[in-house]
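What follows is each chain in one-letter form.
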Amino acid sequence: MNQIELGTTGLKAPQIGFGCSALLGRSGRKESLRALGAAWDEGIRFFDTARSYGYGESEALLGEFLRGRRHEAVIATKFGILASSQPAWKRFAKTAARAVLKLAPSAHGVLQKTAASQFAHHQFTLPVLRQSIEESLSKLKVETIDMLFLHAAPASVLEQEDLLDAMARLVKEGKIRVAGLSADPDVVELALDRNLSQLHAMQFPCNVFEISAATSFAARSAGKQALVANHPFGGVARVQQTRAVLQSLSQNQALDSTLRAKLTSGEDSLLADVVLNTILRDTGIHIVIPAMMKLEHIRLNVRAISNSRFTSQEIAQIRQALSASQPTI
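Residues numbered from 1 in each chain as written. Predicted model: local features only at pLDDT ≥ 70, side-chain atom pairs only at ≥ 80, totals over all residues. Heavy atoms only, no water.

Asks: Please provide a residue-by-residue account of the environment of Gly174, values included.
Replies: Inspection of the secondary structure puts Gly174 in the loop between α6 (161–173) and β9 (176–182). Here Gly174 falls in the partly exposed class, since its relative accessible area comes to 28%. With 28 residues separating them in the primary sequence, Gly174 and Asp146 have C-alpha atoms 9.7 Å apart. For Gly174, the residues in contact, after removing those within four places along its chain, are Glu143 and Thr144. (Helix = DSSP H or I, 4+ residues; strand = E, 2+ residues; numbered from the N terminus. Buried < 20%, exposed > 50% of the residue type's maximum accessible area, 1.4 Å probe, protein only. Contact = heavy atoms within 4.5 Å.)

Spelled out as structure tokens, the structure:
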């Protein structure tokens, strides 16, 4: 895949990244390494993790996988959410929970609520920052982390000048290359409007029905910040809604017949093609990070970006139609 400049950060990567939230969480060690290997083989070089992912162990697995490959990879991690320590019985319980999910996927919501209670959110203090960066460097087995994000940060974090300045000092010290913010679109919009000198990367959730705010970020950042979109498919309900809208568009006589024919395809690749390119094409967003642990999903998503069936004009038409739909869940 072709690499692009990530704003003015000096970093380059293909436009699709690998999200590591499931590593050693929903997925076990063998499955996690297999997914990382497939992503690497498909040309993915941007890996997005966090201190809390995998109950604090995702970074270590990623560091192990990237040994000997570090010079080719862009590593992003986050701090601000702390995972509780995992005694042996809890590690066993995680393995059991994975087995339950394979047999009964509908249990995901209950297990997700149980897991959420094991994390402490909004831990944005100088001591947490110092401890987190040292732990991340150690777990990842690197001397420098490419991007460090404030994780799921509220707007109040933007008032913490001491914390933002401490992140900027980490850049000067060579421990990180870029400091950034990972937050909801309204918080990212506020940060861009304030033109905070310490933050040069923004990560935010973005799906095809809620893209209007994200498409304004490029203009606000004036091309300076690296813009990273996550959760592009928006969950099961959003996927179903996307498929329904695409089915409707394929029958819309107001659209060009060539475009309608392309939308008629029932292939799984159609969804990935529409979603990922609607978010990336001509929006100023640099990288999209879908959740993908299955090998077929990794391949479909990469192919969607590297070999899309749609022209830019067609993607613009689809984006407008999806944005106008605004379904509720």
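Asks: Quick one: what's the story with the pattern of salt bridges, residue by residue and with numbers?
Replies: Counted under the stated rule, the structure contains 18 salt bridges. Among the salt bridges present, the one from Glu42 reaches Arg299, with a minimum N-O distance of 3.9 Å. Within this pair, whereas Glu42 is found in the loop between α1 (29–41) and β4 (46–48), its partner Arg299 is found in helix α13 (residues 295–306), the two being separated by 257 residues in sequence. With relative accessibility at 17%, the residue Glu42 sits in the buried group. (Salt bridge = Lys/Arg side-chain N within 4 Å of Asp/Glu carboxyl O.)

Asks: Help me get a handle on the sheet that holds β4, residues and values and all.
Replies: Strand order in the open sheet formed by eight strands is β3-β4-β5-β8-β9-β10-β11-β12, with parallel pairing between adjacent strands. This sheet does not close on itself; its edge strands, each paired only once, are β3 (17–19) and β12 (287–289). Between one strand axis and the next, the sheet turns by 25 degrees as a mean value, whatever way the strands run. Examined bridge by bridge, strand β8 (residues 145–151) and β9 share six bridges and lie parallel to one another. Bridge assignment links Met147 to a residue of β9, and that residue is Val178. The sheet contacts of helix α5 (residues 126–140) involve β5 (74–79), β8 and β9, and relative to β8 the element is tilted by about 140 degrees. Across the sheet, α6 is in contact with β5, β8 and β9; its angle to β9 comes to roughly 150 degrees. (Pairing = 2+ DSSP bridges. Axes fitted to C-alpha atoms, helices over the stretch in contact; angles between N-to-C directions.)

Asks: Give a detailed account of helix α10 (residues 235–249), specifying residues and quantitative values.
Replies: The terminal C-alpha atoms of α10, which comprises 15 residues, lie 21 Å apart, in line with the 21 Å expected from a rise of 1.5 Å per residue. Within the span of α10, buried status applies to Arg238, Val239, Gln241, Thr242, Val245, Leu246 and Leu249. Along the axis of α10, the buried positions cluster into a sector of 165 degrees, meaning they face one direction only. Pointing more than 90 degrees away from the buried face of α10 are the exposed residues Val236 and Gln240. (Expected span 1.5 Å × (residues − 1). Arc of directions from axis to C-beta.)

Remember, this is a structural readout, not a statement about activity or role.
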